Amino acid sequence: MISKQPLLNLSLAEAATVMALMIFVMGFTIIYLEWVPHLTILLAITALMLYGLVRGAKWEVMQKRMAASVEQGMGAVYLFFFIGLLVSALMMSGAIPTLMYHGFSLISPTFFYLSAFLLCGVIGVSIGSSLTTCATVGVAFMGMSEAFQAAPAITAGAVVSGAFFGDKMSPLSDTTGIAATTVGVDLFEHIKNMMFTTIPALILTALIFMWGVPSVGSGSLKSVAELQNQLQQSGLVHNYALLPFVVLVVLAVRKVNAILTMLATIVVAVVITYIHSLPSLTQLSGWFFGGFKAEHLGENVARLIQRGGLESMFFTQTVVILALSLGGLLFALGVVPTLLEAMRRFLTNAGRATFSVAMTSLGVNLLIGEQYLSILLSGETFKPVYEKLGLHPRNLSRTLEDAGTVINPLVPWSVCGVFIAKVLGVAVVDYLPYAFFCYLCLILTVLFGFTGLTLSKVEK
């Protein structure tokens, strides 16, 4: 896709105008009209193809360029199939419910904000969804904040920080998979490389919540006990059910292929499922397709563990396919190549390249409010820049997450910002100063870019 000659020769002014108009229309439809990203991307593709026709490009050639771009990113589509299966397997085996059950024991009245941050992080990693974490455990913490006489804004900041730490570092997260596959690196290699910025941000955030914010009063842990009790009554909490996580971690550390690692984990999880329950093959197939379902669950627990399946991945997969098509079309029509050529004199080292990627991801979040597009558009745009500078693509995927995934909840009109403000009952502008983890990741990735710390070159 990138190496082919553009179909049109555009001036810098024309390319910048096309890009600005596209971002404006996409931002307007997503923010003000509340369109799903699929319709917005389709509108952009249609408009760009009509523009190409007017400028003399052939419809068939543009279609082939888009198809070639999608072909390069099919790894993401296949990966999400297995993520959907894995989530269901970890739910039905009791691996995730057991991890949640023990995680609730981390809550300390003395360090309430720290407990909220750490527990939301544990749950976020285990289920791979920041929004689900906020809508379940996060809501529980907001309720507890009244009993502990804690500040709602600080509590919400701790919840968001933990939830997006989990979303960023979980192999079950769709944004993590998108960032890795967009630039063409192994999923677990991407997660391992993110630790260089994520762990310092995690430690700094924990220290701030421990000693840098006002202390809270004492209160009841009744709501926590109720959640633990509901999990226990589900019949899914067994210490041996954590074995799939052990398999997942061991194979990931040994650098086994991500899909093979997931397959092995799924097999172990299914075996464990039959130790404490005997689902029929029909029921098992239904869980793998439509997500795990269980009867007689409390409402909050049901929202946590009744998820997964192939069907849950369709939304993300179709967004990826359309976004890759859009990226291929922007390259084919010469929009992105022209803009990159204009930036060529500036993008002469790793620091400037990292800063440009971070600002582009941040800009897409601010203008469009969509974290998927902040990752996909920035990744497709800057891949050739990193290749030219000899930087390993895992540096790019890390920056995409540090400036794309975790920044979205800090934008009041973004998809995550609107959702979180609604479910937690705290405005984005109120919890933003206390979502320390989110902007520490951005600061650290830019700092490491200019200093060269933890950046890796392509091995020759």
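Everything numeric in this text was worked out from a predicted model, so none of it was measured.

## A closer look at the pattern of salt bridges
Applying the stated criterion across every chain, the model contains 4 salt bridges. A salt bridge links Asp402 to Lys168; the shortest N-O distance between them is 2.3 Å. With Asp402 in helix 20 (residues 393–405) and Lys168 in helix 8 (residues 152–169), this residue pair connects regions lying 234 residues apart in the sequence. Both residues of the pair, Asp402 and Lys168, count as buried. Glu189 serves as the salt-bridge partner of Arg394, at 2.4 Å between the closest nitrogen and oxygen. Residue Arg394 is located in helix 20, and its partner Glu189 is located in helix 10 (residues 187–212); the two are separated by 205 residues in the primary sequence.

## Thoughts on the packing of aromatic side chains
Tallying each qualifying case throughout the model produces 12 aromatic pairs. Consider the rings of Phe28 and Tyr32, whose centres lie 5.7 Å apart with planes at 35°: the pair is tilted. Here Tyr32 and Phe28 lie together in helix 1 (residues 12–32), a separation of 4 residues that amounts to about one turn. A centroid spacing of 4.9 Å and a plane angle of 70° characterise the contact between Trp287 and Phe292, whose relative ring orientation is edge-to-face. Pair check on accessibility: Trp287 and Phe292 agree, each one buried. Chaining the aromatic ring pairs together yields one cluster made of Phe117, Phe209, Tyr434, Phe436 and Tyr439.

How each quantity is defined
- Residues numbered from 1 in each chain as written.
- Predicted model: local features only at pLDDT ≥ 70, side-chain atom pairs only at ≥ 80, totals over all residues.
- Heavy atoms only, no water.
- Salt bridge = Lys/Arg side-chain N within 4 Å of Asp/Glu carboxyl O.
- Helix = DSSP H or I, 4+ residues; strand = E, 2+ residues; numbered from the N terminus.
- Buried < 20%, exposed > 50% of the residue type's maximum accessible area, 1.4 Å probe, protein only.
- Phe/Tyr/Trp six-rings, centres within 6.5 Å; stacked < 30°, edge-to-face > 60°.

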